[in-house]
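Observations on the three-dimensional arrangement
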Amino acid sequence: MQSAGDDLICLAVPDTRHAHALASSLRLSGNWLEVVAGIESVVVRFDIARLDRTDAEHRLRDACSNIQVESGQERPLVEIPIVYGGEFGPDLALVCEELGLGKDEF
């Protein structure tokens, strides 16, 4: 747990699943002004007029100890088709020239 500003605390977590589980739980509690999940962290904004940093950190420690992370259930793979060149990328030739690549290599 580290300070990220006067009213912000950053919590390190092992992975994205933990970050989202913790963020969701903290949001549902209604005790925090803002909760943002990252890849390996969660940033929490607290009401500095209601809580001092020490109290906020104690509450966060308690909340972290009660988090249940779902077992590694795989989520379905989502494929997003992409198109390079033509009307979707009129600068493709210029980019390839700058990089020294052919269109297929790019």
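Everything quoted here is computed from the prediction, not taken from an experiment.

With that settled, consider the overall build of the protein chain. Looking only at helices and strands, one finds 3 helices and 4 strands in the protein chain. Going from N to C terminus, the protein chain has its helices and strands arranged as β-β-α-β-β-α-α. Its C-alpha radius of gyration of 21 Å places the protein chain more than 25% over the 13 Å reference for a compact globule of 106 residues. Each principal axis of the C-alpha distribution contributes one length, and for the protein chain these read about 60 × 35 × 20 Å. For the protein chain, the share of sequence-separated contacts (at least 6 apart) that also reach a separation of at least 24 residues comes to 48%. For the protein chain, the exposed surface amounts to about 8,000 Å²; the carbon and sulfur share of it is 50%. For the protein chain, the distance from the average site of its 9 positive side-chain charges to the average site of its 19 negative ones is 11 Å.

The next point concerns the confidence of the model for the protein chain. Summarising the model, the protein chain shows a mean pLDDT of 85, and 95% of its residues fall at 70 or more. In the model of the protein chain, strand β1 (residues 2-5) stands out as the element of lowest mean pLDDT, 74, in contrast to strand β3 (residues 34-37), which has the highest, 92.

Both the distance between ring centres and the angle between the ring planes are used here to describe each pair of aromatic rings. Across all of its chains, the model carries 1 aromatic pair by this definition. Between the aromatic rings of Y84 and F106, the centroid separation amounts to 5.4 Å while the plane-to-plane angle is 80°, which identifies the pairing as edge-to-face. Of this pair, Y84 sits in the loop between α2 (53-65) and α3 (92-99) while F106 sits in the segment after α3, and the two are 22 residues apart along the sequence.

The rules we used
Residues numbered from 1 in each chain as written. Predicted model: local features only at pLDDT ≥ 70, side-chain atom pairs only at ≥ 80, totals over all residues. Heavy atoms only, no water. Helix = DSSP H or I, 4+ residues; strand = E, 2+ residues; numbered from the N terminus. Rg over C-alpha atoms; globule rule 2.2 N^0.38 Å. Contact = heavy atoms within 4.5 Å. Areas by Shrake-Rupley, 256 points an atom, 1.4 Å probe, with all protein chains shown as cover. Lys, Arg positive; Asp, Glu negative; His and termini not counted. Charge placed at Lys NZ, Arg CZ, Asp CG, Glu CD. pLDDT = per-residue confidence, 0-100. Phe/Tyr/Trp six-rings, centres within 6.5 Å; stacked < 30°, edge-to-face > 60°.

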